[in-house]
Structure formats: structure tokens, C-alpha cells
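Residue-level structural notes
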Amino acid sequence: MAEQGYDLMHKDDVVASLQLDDLSGAILKVTPGTNPELLPLGGSQGADSLRKWWLRRAVPISQGNIAALLQQEGIPSTQSLLVRNLGLSLSDHYWIKPNGSELTWKDVSLFSNSFRDPLESMQIQHPHGAASTSTQTPAYSPSASLQGDLIKKWLIVDDTRCLLKGNRGANSQQSLNEVLASMLHEKQGFSNHVRYRPVKFTGSASEQYGCICEDFASETLEFIPAIDVVDSEKKDNAVSTYEHFIHVCTAHGLSELEVRSFLEYQILTDFVLMNTDRHLNNFGILRDSQTLKFVRMAPIFDSGNSMFWDAPRLPERSNCTEITVNSFRKTEAELLKLVTDRSRVHMDLLPSREEIEKLYAKDDSIAFVDSILIGYEKKKALLALAFGYWFVTLRSAPIRTSTRRLPPDAALPCDMPFLVGGGPIQFNMLVCHWASLGYLTIFCGKNGRVALRRRVDMGNERRPAEVRLFQMLFSQGDVCEGASLLYKRTAEKADAVLRRYWVRKLYRKSSGNPLLARAFGLLAG
């Protein structure tokens, strides 16, 4: 197996040293550099996480004609294609520099240098009015790191980097869905979205439309997908991925209100459009590449898998209340429970049936348009009914505060940092409390280390969680040293278990009646 040495770069700063397999393009060895803060967020948790980040960075083999290109060019894998193009992307500023090379970011940046798409002869053609300004044939292409399954490619149009997207299948619905989503956001007065416009392909056998949009990353801003944000910090098992994403964003300087407002608006508009593919690569944040600070949520993009695109006749046989999605939750109904303010979408400003009919009329090969529009009207009716139900039943009432001298029932001194300020559970305090109750004694051993000796077993007079922790602490005998690995693991377990106990006890959420959701579906048609 031949190996080749590279430096992982962030612009002109060395991030880490890599050994790559010449054949497969996979990372074999990682040697950390002197700038760990520059590591990709999704690859900052050790060598394995960096390997996963590199694998995710490569273009999917399922995209367009990538598999045919690899076979034609004799390239063994998408990671190998990525290596040939130095890992460059039009989403961020990471790249790999071969050992001994004198290349600089200025030499290779796709944001400032021309490029030619190696798939040009195999994929979609230039639309009317979109001609590349480049006359050179550069060495590197952004196609090797272009994500998603749809056929697509980057263009340079009037010195602006633009993404041209096609469709899966014989009609233009996915591209026109992107245009519809742009229309919806504009009518809502929501500015943080990618603006897609339709373009007609030339030279195709049928009159088919794609869509085109400008790159929202630049020489100063880079896009960090939500999957990398989530993977950048270890998640507590008691915390949902949704809340963990918000936590990491706020830790990097974004306001919680800004992040929640954006996510809730996105959930609501995806519900109306029936976008089923809002996975963690399809949204994220924009980061200042110089300061590495989060600037804002990235604009909403990639809404093509919507409007019953793969099941146009579903509305004829379904009330559209139990649609599965690829997102923070498994169904649309479960996603809606995350929304705290359903007034973020204005029902009277949603696109009309006539506007959607006019848009879809651009391609008369889109089948069952009437059925799709029936589904859209059902979704609007469902959302309106859900608004009313939320307003009457689930909307948070004004919080009434009162002083009290005693903590919540069953609260112990160890719980107070978490109950008062969300801090960690203090396991040492819990051990001292057990000692005061006579369950154990604390003493100093011959080696000068603090140790615990079990006096009696703990029974059902204590909380079940406490009993399990006590049993774990003395699982190896009647004595446990305070500096032992067992004590440390029990303390970590206590923090997770008792946090979960109090979250369930104090913050149990009402989810409403699922039968009412079914009734709304029947009322909607």
C-alpha cells in the first residue's frame, strides 16, 4: 500500500499532517499540528472523527454520473478523486497540500481562481444566459467535494460562483420546488434563504428546467453543516440532538433566540412544502474564516425533495398527518412539537394554488399536479388547525413565580447546582450525604488516599437512581478509593442519571392528543 504525505490546510495555516493511501485516498495516519483550533469542527474529536469528516467531504458515489466518471477515468474511489483535487471545496477553506509543495491558498482557492468542471460533457449543460467567463483549464475542480445525490455542477457566471442543479427523473419538479421555496420565503418576508431561479436546459431531448443559485460561502465566510456542529462536542445522552445543536451554536457566540427562531421557521415552512429531507447536511451555520466565530445561521437551501415529488398521488389516499422525514425527528408531527411559536409563519402569505400551478406549468411532464395541489391545500389546512389547537391548548401560559424556603421534593444538596443554574450534579456532596445517613464511612487509608467503606446496603427507602449508583460504587467490594476509576465512572453516571431524573420530573412536556391530529387530517380532506 503506497502512502503519500500531505498537510491539511486552512487557507495558509497547517492544521495537521496526513498520510493518505495513494490508491483509495483514505486517511491512514493523522499527526496533530500546532493549531488544533483550526481543525474542521466535524473532525476535531480525534483521528477517527477526522477520517469520517474526510469521507463525508468526498462527492457521493450516487450523485449524477460520478460512478461513470470514476470508471471512465480509472479513479478507484470518490476519496481518490477528492485527493486529485486537493480536497478543495466552494463551501469552506480547507484543502490538502502535498509534502514539499510550494502551493499557497492564493494559488488554489476556488473562490478566486478559475476552474473547469471535469463532468461537463457528462452532466447538465449550460442554461441560457449562463456562460463561464473562464478561458483557462485549471488543475482543480469543486465537483470532487460537491454534496448531494442530484446531478449538479459549479459555474462561474459574471465572476460569481453559482450552483446549477438538475433533477432525478424525467421532469423538472425538484428544481421547480427550489424556486417555489424561494417564492414562499420571499412572500413571508424572510430574507435568510438561497434565491433559486429556474433555467431551461439546452440540448436536452425534452423541455426540462433546472435551477441556479449563487454560492453563499466566500473568501471570508465558510459554511459549516449542522452535522459538523453537532459532532464538534460530545453530546450528553440526556440531551436531544436538536438541543445539542442549539447549545453548540450559542457556545460559539450565536444567540439562542436567533437559532431557535430560524429552526422553528424552517420546520414550519418545511411542513407546508412537505420537505422530507432536512437532514444535518442540509442546513448549518456561516463562520468567519479569520476569527473562526459563528456569524449567523446559513441561509435555507436544498428544498427540492418536497411537494410529494416522489409520491404525487399520496394526497389522494392519505390525510397527510403521518409523513416520515429525515431530520431531528422521524415524523413531521414530532418535528412540530419542537416549535414554541407557530406564528413565525403567516398563513395569509403562503403561495397560492394558482401561483404553484403557473410555476409547474413550465414543464408539462410533471404528472398529477392536481393531486400535488390537493396535498398542498391539506398541509395548509393542517397547519392552520394546528395553530388554533396550539393557541388554545398548548401555548405556554404566563409563568407565575413565588418564593419558597424549601427545595423541590426529593432534592438533595448535590442536585442544587443543576436545579438552580443548570450546573453539574455534585457527586461528592451526594457521597457525603450518604455518609451522614450512615450508609458508608469516609476514611483515609494507609497510602494517604481518601476511601469509602460500605456500612449497610441501601434499600428501597432511597430513590431508585440512588440505589443503582450506590451499588455501582461498591460493585467491586466494600471499599472504594476516591481516586479510583470506579469512583470517577460512578460520578459521571450520577451526573447523567440525576440530570435525566430532574428533567423528567420538572420539565415534562405536554404533547397534545394525537387523535386530534388525525381529526385535523380528516377535516382537511
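Here the structure is a predicted model, which means the values were calculated and not measured. (Residues numbered from 1 in each chain as written. Predicted model: local features only at pLDDT ≥ 70, side-chain atom pairs only at ≥ 80, totals over all residues. Heavy atoms only, no water.)

**Structural notes on the overall build of the chain**
In terms of helices and strands, the chain carries 17 helices and 14 strands. For the chain, the proportion of its 525 residues judged to be buried stands at 48%. Per element, the accessible surface of the chain, about 25,800 Å² overall, is 51% carbon and sulfur. (Helix = DSSP H or I, 4+ residues; strand = E, 2+ residues; numbered from the N terminus. Buried < 20%, exposed > 50% of the residue type's maximum accessible area, 1.4 Å probe, protein only. Areas by Shrake-Rupley, 256 points an atom, 1.4 Å probe, with all protein chains shown as cover.)

**Focus on a negative patch on the surface**
Where like charges cluster on the molecular surface, the negative patch consists of D12, D13, E37 and D107. With respect to the helices and strands, E37 occurs in the loop between β3 (27-32) and α1 (47-57). A relative accessible area of 48% places E37 in the partly exposed class. (Patch = residues over 30% accessible without salt bridge, like charges linked within 9 Å, V, L, I, M, F, W, Y side chains within 5 Å. Salt bridge = Lys/Arg side-chain N within 4 Å of Asp/Glu carboxyl O. Lys, Arg positive; Asp, Glu negative; His and termini not counted. Charge placed at Lys NZ, Arg CZ, Asp CG, Glu CD.)

**What to know about the nonpolar core**
Counting 107 residues, the largest nonpolar core has I96, F245, L263 and I285 as the members making the most contacts within it. The biggest single contributor to this core is helix α8 (residues 256-273), with nine residues. Not counting chain neighbours up to four residues away, the residues in contact with F245 comprise A226, V229, V230, V259, L263, F283, I285 and M297. Of all hydrophobic cores here, the second largest spans 27 residues; its members include C414, I425, L486 and V497. (Core = buried A, V, L, I, M, F, W, Y, C linked by side-chain atoms within 4.5 Å. Contact = heavy atoms within 4.5 Å.)

**Overview of unusual backbone geometry**
For K11, which is not a glycine, the phi torsion comes out positive at approximately 55°. For K11, the position within the fold is in the loop between β1 (3-10) and β2 (13-21). The class for K11 is buried, based on a relative accessible area of 19%.

**Describing the sheet that holds strand β12 (residues 440-444)**
Strand pairing in a sheet relies on backbone hydrogen bonds, with the paired strands running either antiparallel or parallel. In spatial order, the strands read β12-β13-β14; together these three strands make up an open sheet with antiparallel pairing. Looking at the sheet topology across the chains shown, the edges are occupied by β12 and β14 (479-481). The mean inter-strand angle of the sheet, taken between neighbouring strand axes irrespective of direction, is 25°. Here helix α14 (residues 427-436) sits on the sheet and contacts β12 and β13 (450-454); the angle it forms with β12, its principal contact strand, is near 115°. (Pairing = 2+ DSSP bridges. Axes fitted to C-alpha atoms, helices over the stretch in contact; angles between N-to-C directions.)

**What about the packing of α14 against helix α15 (residues 464-473)?**
α15 packs onto α14 with a crossing angle of 90° between their chain directions and a minimal axis gap of 12 Å. It follows that α14 is roughly perpendicular to α15 by the angle criterion. The residues of α15 that touch α14, namely those facing F427, L430 and W434, are E466, L469, F470 and L473. For the contact of α14 with α15, the residue count by class is six nonpolar, no polar and one charged. (Parallel < 35°, antiparallel > 145°, perpendicular 65-115°, else oblique. Nonpolar A, V, L, I, M, F, W, Y, C, P; charged D, E, K, R; others polar.)

**Comments concerning the environment of G148**
Within the secondary structure, G148 sits in the loop between α4 (105-108) and β5 (152-157). As a C-alpha pair, G148 and V59 span 89 residues in sequence and 7.6 Å in three-dimensional space. The residues contacting G148, other than those within four sequence positions of it, are P60 and Q63.

**Quick look at the side chain of S77**
Turning to its location among the elements, S77 is positioned in the loop between α2 (66-73) and α3 (78-84). The class of S77 is buried, set by a relative accessible area of 18%. Setting aside anything within four residues of it in sequence, one finds S77 in contact with S24 and L70.

**What to know about α1**
Every buried residue of α1 is listed here: S49, L50, W53, W54 and R57. The arc enclosing the buried residues of α1, seen along the axis, measures out at 140°, which places them on a common side. For α1, the exposed residues lying more than 90 degrees away from the buried face are D48, K52 and L55. Considering only its buried residues, α1 is in contact with β1, β2, β3, α3, β4 (94-98) and α6 (226-231). (Arc of directions from axis to C-beta.)

**Details of the state of the cysteines**
One pass over the structure, following the stated rule, counts zero disulfides. Note on C162: no disulfide assigned, nearest cysteine sulfur contributed by C213 at a separation of 7.4 Å. (Disulfide = S-S within 2.5 Å.)

**Describing the sheet that holds strand β9 (residues 221-225)**
Reading across from one edge, β9-β10-β11 is the order of the three strands in this open sheet, with antiparallel pairing throughout. At either margin of the open sheet sits one strand with a lone partner, and together these are β9 and β11 (294-297). When the angles between neighbouring strand axes are averaged without regard to direction, this sheet yields 30°. The pairing of β9 with strand β10 (residues 284-288) spans five bridges and is antiparallel. Following the sheet pairing, P225 is matched in β10 by G284.

**A word on helix α7 (residues 241-251)**
Burial in α7 covers these residues: Y242, H244, F245, I246, V248 and C249. Buried positions along α7 lie against α6, α8, β10 and β11.

**Regarding the environment of D478**
In this structure, D478 sits in the loop between α15 and β14. On the basis of relative accessible area, D478 is assigned to the partly exposed category, the value being 44%. For the pair D478 and V456, spaced 22 residues apart in sequence, the C-alpha to C-alpha distance is 9.5 Å. What D478 contacts, discounting residues up to four positions off in sequence, is L452, R453 and R454.

**Notes on the pattern of salt bridges**
Side-chain pairs of opposite charge can arise where the charged atoms are in close proximity. In the structure shown here, the tally under the stated rule is 21 salt bridges. E178 is the salt-bridge partner of K165, the closest N and O atoms lying 2.8 Å from each other. Separated by 13 residues along the polypeptide, K165 in strand β6 (residues 160-165) and E178 in helix α5 (residues 173-188) bring together distant segments of the chain. The exposure classification of K165 matches that of E178, with both residues buried. Where E264 meets R344, a salt bridge forms, and the shortest distance between an N and an O atom there is 2.8 Å. Pair noted here: E264 is in helix α8 and R344 is in the loop between α10 (332-336) and α11 (353-360), with a separation of 80 residues, a long-range link. Overall, the relative accessible area of 0% leaves E264 in the buried class. Here the salt bridges do not stand alone but share partners, grouping D415, R462, R463 and E466 into one network.

As far as function goes, none of this settles anything; it's purely spatial.
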